Amino acid sequence: MSKAGHTEYKHAHDHKDIDVFVKKENVAEVLIILQQEGFQKVWTRYDHLPGEENFRRYEKTVEMENAKFHRITIDFFEKNDLETIETNGFTVVKPQLLLSFYRNIHSSDKCWAVIAAKDLLEKGIDPVGHPELNEIPK
């Protein structure tokens, strides 16, 4: 939801994971693609929590040109009834729905970008691209 070109802060929940939402009828196809691309299932403390999202995490490590290794993390959610919006050329989960997942399956409900986005929504302000998502709390 952050504006393009913002400074990345770990505590603002900018740790570069990819959240993918897949309809139930497409789950098998997506799992095959992830495995073909070298991703492996990673167990997390959230795997056995109750919820209708059916959360899974997949990761792979890639070597870059500079001989540094980077981990790519995909958080995979099975969800049939998603409300989405278009922003910056992407189809993304509607902010209200996306933020509702953070209390169930992520520990990111403590991060300042999530807190700021929830506060903006409570005030009736669209959080997508809003500068408050990237402001360090005082």
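What you see is a predicted model; the values in this text were computed from it and never measured.

Peer 1: Before we go on, may I ask you to explain the overall build of the chain in this structure?
Peer 2: If you tally the helices and strands in the chain, you get 3 helices and 6 strands. Listing every helix and strand of the chain by position from the N terminus yields β-α-β-β-β-β-β-α-α. Within the span of the chain, comprising 138 residues, buried residues form 37% of the whole. Long-range pairs, those at least 24 residues apart, make up 50% of the contacts in the chain between residues at least 6 apart in sequence. For the chain, the exposed surface amounts to about 9,300 Å²; the carbon and sulfur share of it is 51%.

Peer 1: Mind showing me how you'd approach unusual backbone geometry here?
Peer 2: With the exception of glycine, the majority of residues adopt a negative phi angle, and the majority of peptide bonds are in the trans configuration. In this model, A67 sits at a positive phi of 65°, which is unusual for a non-glycine residue. Here A67 shows up in the loop between β3 (55-63) and β4 (69-78). Even without a glycine there, the phi angle at N88 is positive, about 50°. The residue N88 is located in the loop between β5 (84-87) and β6 (90-93) in this model. Among the residues examined, N88 registers a relative accessible area of 64% and is labelled exposed.

Reading guide: rules and limits
- Each residue is numbered by its place in its chain's sequence as written, counting from 1.
- For this predicted model, a pLDDT threshold of at least 70 governs which residues receive local features, and a threshold of 80 or more governs which side-chain atom pairs are given and counted, while totals over whole chains, interfaces and linings are taken from all residues.
- Only hydrogens and water are set aside when side-chain values are computed; all heavy atoms of the structure are taken into account.
- A run of H or I in DSSP counts as a helix once it spans at least four residues, and a run of E counts as a strand once it spans at least two, with each numbered from the N terminus.
- When accessible area is computed with a 1.4 Å probe and restricted to protein chains, residues below 20% of their type maximum are described as buried, those above 50% as exposed, and intermediate ones as partly exposed.
- We call two residues in contact whenever any of their non-hydrogen atoms come within 4.5 Å of each other.
- Only the protein chains shown count as cover for residues, and all accessible areas are computed by the Shrake-Rupley method using a 1.4 Å probe.

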